[in-house]
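# Structure assessment
Here is how the chains run, residue by residue.
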Amino acid sequence: MQNILPINGEAYYYPDFFSKTASDAFFIELQKQVNWKQEPIKLFGKEIMQPRLTAWYGDENKAYSYSGITMVPDAWSPVLLQIKNSVEAIAGIRFTSALLNYYRNQQDSMGWHRDNEKELGEYPIIASVSFGESREFQFRYYSDKTIKRALLLTHGSLLLMSGSTQHYWEHALPKRTRTMGGRINLTFRKIISS
Ligand SMILES: O=C(O)CCC(=O)C(=O)O
Ligand SMILES: [Mn+2]
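Now for a quick tour of the structure. A quick note: this is a predicted structure, and the numbers were derived from the prediction, not measured.

## Brief notes about the site of ligand 1
- Close to ligand 1 lie L99, N101, M110, D115, S128, F137, L153, H171, L173, N185 and T187, which account for all nearby residues.
- Among the secondary structure elements, those contributing two or more residues to the shell around ligand 1 are β7 (97-103), β13 (169-173) and β14 (183-189).
- The class makeup of the residues in the shell around ligand 1 is 5 nonpolar, 5 polar and 1 charged.

And the structure:
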């Protein structure tokens, strides 16, 4: 497995982690069944709506603060547990939580950030699963933003981030101009303290 990041971090990409058939079924089921919400976010002291839908699932008693909002998790559903089990087998750890993102079309996005909340510990391991439309995922080096990497996250893919990635690299999922369908992304995390 080749590390996508040239320095100070680790990111591994598995394009066909889930089969097309399984991925098609996961997309439909998650789109229907998840408790999707559009949440407000604080950006430079101003409250705006996030440009995507989100949901937060996890073990009980694992509340999580994310970009100025505190989310109380919904309980794992069978389909989420099935995906989580597959991802845990390759990541070699147990995840406590998952943030779900639903990008309804090309105009939905996620801005530059690091997943470095203190609840995730010093070296967060994050497993990011994608279903639906392929979208470009971008990395940029935090202290020299001209150093960049990008990859296309396709239907049924898995991206594993570990090591010091969340110290040194930001990531984002930018808006696009070309018309696109929906994409569902699940980022499994392990909350160490809460
Ligand atoms: O949708 C993606 O691929 C990125 C999601 C992400 O960075 C996050 O949930 O923290
Ligand atoms: Mn992230």
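So that's the structure; there's more coming.
## Notes on the environment of L186
- Mapped onto the elements of the fold, L186 is located in strand β14.
- On the basis of neighbour count, L186 is assigned to the buried category, with 24 C-beta atoms found within 10 Å.
- It is 13 Å that separates the C-alpha atoms of L186 and T96, two residues lying 90 residues apart in sequence.
- Leaving out residues up to four positions away in the same chain, L186 has contacts with I83, A98, L100 and V129.

## What about the nonpolar core?
- Core analysis: the largest hydrophobic core is formed by 39 residues, its most contacted members being A98, L100, A127, L158, L159 and F188.
- Those elements that provide at least two residues to this core are α1 (20-33), β4 (53-58), α2 (78-91), β7, β9 (126-132), β12 (157-162) and β14.
- Looking at this core element by element, the count peaks at 5 residues for β7.
- Setting aside chain neighbours within four positions, we find L158 in contact with Y14, F17, V87, A127, S128 and V129.

## What about the sheet that holds strand β8 (residues 110-113)?
- Strand order across the open sheet formed by 4 strands is β8-β13-β10-β11, with antiparallel pairing between neighbours. Each end of this open sheet is capped by a strand with a single partner; those strands are β8 and β11 (148-153). Across this sheet, the average inter-strand angle for adjacent strands is 15°, counted without regard to direction.
- Where β8 and β13 come together, 2 bridges link them in antiparallel fashion. Each bridged residue has a counterpart across the sheet, and for H113 the counterpart in β13 is H171.

## Things to note about the environment of A63
- Take A63: it is sitting in the loop between β4 and β5 (64-66).
- As a C-alpha pair, A63 and I191 span 128 residues in sequence and 9.0 Å in three-dimensional space.

Cut-offs and rules
- Residues numbered from 1 in each chain as written.
- Chains lettered and ligands numbered in written order.
- Predicted model: local features only at pLDDT ≥ 70, side-chain atom pairs only at ≥ 80, totals over all residues.
- Near = placed C-beta within 6 Å.
- Helix = DSSP H or I, 4+ residues; strand = E, 2+ residues; numbered from the N terminus.
- Nonpolar A, V, L, I, M, F, W, Y, C, P; charged D, E, K, R; others polar.
- Buried ≥ 20, exposed ≤ 12 C-beta atoms within 10 Å, placed from the backbone.
- Contact = placed C-beta atoms within 7 Å.
- Core = buried A, V, L, I, M, F, W, Y, C linked by C-beta atoms within 7 Å.
- Pairing = 2+ DSSP bridges.
- Axes fitted to C-alpha atoms, helices over the stretch in contact; angles between N-to-C directions.

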